[in-house]
Structures are given as structure tokens and as C-alpha cells.
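What the coordinates show
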Amino acid sequence: MKLFRLVPFLAAFALAMPLTAAAGDDGATVFKKKCATCHGKDGKGKTDMGEELKIKDLTDAATWKDLTDEKVEKQVNDGAKDESGKERMTAFKGKLSAEEIKAVVAYVRTTFAPKK
Ligand code: HEC
């Protein structure tokens, strides 16, 4: 068995790895890629976008007073608009898979919500 025969297989394998990873990001990766521009990596919303949109601090217990997983999931699916119909938060339905949305909802709760 000559080693060079393996090269195309190894190359194909190396190429396929990041592709399969991109097909389903975990919650932390989704948050970093899709949410942190507005909400900040730390969830506090102290970004330029966050300040402008007056985003609530996701680490504040007050924010979580009436937030449930269902509401967060709906928020991520449907996004939010102001009274004039201008988008405030992106609707991620169709942009993220259902699995990614579930994963990011779980990530947001376990990472930012105050422990009860
Ligand atoms: C374009 C900026 C932007 C992006 C990107 C964004 N958000 Fe938001 N998010 C907002 C704004 C603005 C609000 C407040 C919504 C409102 O005014 O009704 C909000 C509200 C929320 C809330 C509810 C908190 C509250 O105000 O009661 C959650 C939870 C949330 N976002 C999670 C996420 C997650 C998870 C992602 C990524 C998948 C994400 N957001 C991406 C701007 C953004």
C-alpha cells in the first residue's frame, strides 16, 4: 500500500469536516455568530447596536421575570419590530435550523439567566 493513495481520502475528509460542523452549530457558536453583534458576547447588550436599540441585559433577573423558553424561542424565530414596522431584532426562522434555535435558546438560558 503506497501512502500517496491515501492522500485524496485524507484531503476529502479534511474538507468535509468543517462543512459538517457548519451544518449544525452548537448554541454557543450560534450565539457568537448571530446574536453577539447586538446582545454582546456577555449578553449584557453593551454593544453599539445594543445601546442604540436599548436592549435589555440578558444577565439581569428583571429581564427573565417573564421570559420562558417558549418566549425566547418565539423571539428568535420571529424577531421583533417597532411600531413603524422597522426591524429591531432579526427573525431567525429559516436562517437557523430548528435544532440551532433550540440550542441557542438553551444556551441563552443556561448562560445568562440567573439561577433560581
Ligand atoms: C439586530 C440586533 C439583534 C440580533 C442580531 C439579535 N437580537 Fe435579540 N433582541 C434585540 C432587540 C432590539 C431586542 C428587544 C426586542 C424588543 O424591543 O421587543 C431583543 C430581545 C431579545 C430577547 C428577549 C429579551 C427581552 O427584551 O425581553 C432574547 C431572549 C433575545 N433577544 C435573544 C436573541 C438571540 C438568542 C439572538 C441570536 C439568535 C438574538 N437575540 C439576536 C436585538 C437583536
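Right above here is the structure, for reference.
Let me sum up the structure you'll find in this document. (Residues numbered from 1 in each chain as written. Predicted model: local features only at pLDDT ≥ 70, side-chain atom pairs only at ≥ 80, totals over all residues. Heavy atoms only, no water.)

Take the overall build of the chain next. The number of helices and strands found in the chain is 5 helices and 2 strands. Listing each helix as α and each strand as β along the chain from the N terminus yields α-α-α-α-β-β-α. Across the 116 residues in the chain, those meeting the buried criterion constitute 28%. When contacts within the chain are restricted to residue pairs at least 6 apart in sequence, those whose partners lie at least 24 apart make up 46%. Total accessible area computed for the chain in this model is approximately 8,500 Å², and 61% of it derives from carbon and sulfur atoms. (Helix = DSSP H or I, 4+ residues; strand = E, 2+ residues; numbered from the N terminus. Buried < 20%, exposed > 50% of the residue type's maximum accessible area, 1.4 Å probe, protein only. Contact = heavy atoms within 4.5 Å. Areas by Shrake-Rupley, 256 points an atom, 1.4 Å probe, with all protein chains shown as cover.)

Further remarks concern the environment of alanine 36. Mapped onto the elements, alanine 36 comes out in helix α2 (residues 27-39). The spacing of alanine 36 and glycine 50 is 14 residues in sequence and 9.4 Å in space, taken between C-alpha atoms. Not counting chain neighbours up to four residues away, the residues in contact with alanine 36 comprise Phe31, Lys41 and Thr47.

Taken together, 18 residues are adjacent to the ligand, and Cys35, Cys38, His39, Arg88 and Met89 come closest. Side-chain polar atom of histidine 39 to a nitrogen atom of the ligand: 2.7 Å apart, as the coordinates give it. Between an oxygen atom of the ligand and a side-chain N or O atom of arginine 88, the distance comes to 2.7 Å. Using a 2 Å cut-off from the grid points, one finds that the ligand occupies the largest pocket. Where the shell around the ligand is concerned, the elements lending two or more residues are α2, α3 (48-53), α4 (69-78) and β2 (87-89). Broken down by element, the shell around the ligand gets its largest block of residues, 4 residues, from α2. Here the residues of the shell around the ligand sort into 12 nonpolar, 3 polar and 3 charged. (Near = heavy atom within 4 Å. Polar contact = N/O pair within 3.5 Å; in protein donor to acceptor, adjacent residues only side chain to side chain. 1 Å grid on protein atoms, 1.4 Å probe; cavity = no way out; pocket = protein on both sides within 12 Å on 5 of 7 lines; lining within 4 Å. Sits in = over half its atoms within 2 Å of the grid points. Nonpolar A, V, L, I, M, F, W, Y, C, P; charged D, E, K, R; others polar.)

Among the residues of α4, those classed as buried are Val72, Val76 and Asn77. Around the axis of α4, the buried residues are gathered within 135° of arc, so they sit on the same side. In α4, the exposed positions angled more than 90 degrees off the buried face are occupied by Glu70 and Lys74. Its buried side turned inward, α4 meets β2 and α5 (98-112). Immediately beyond the C-terminal end of α4, within one or two residues, lies glycine 79, with a positive phi of roughly 65°. (Arc of directions from axis to C-beta.)

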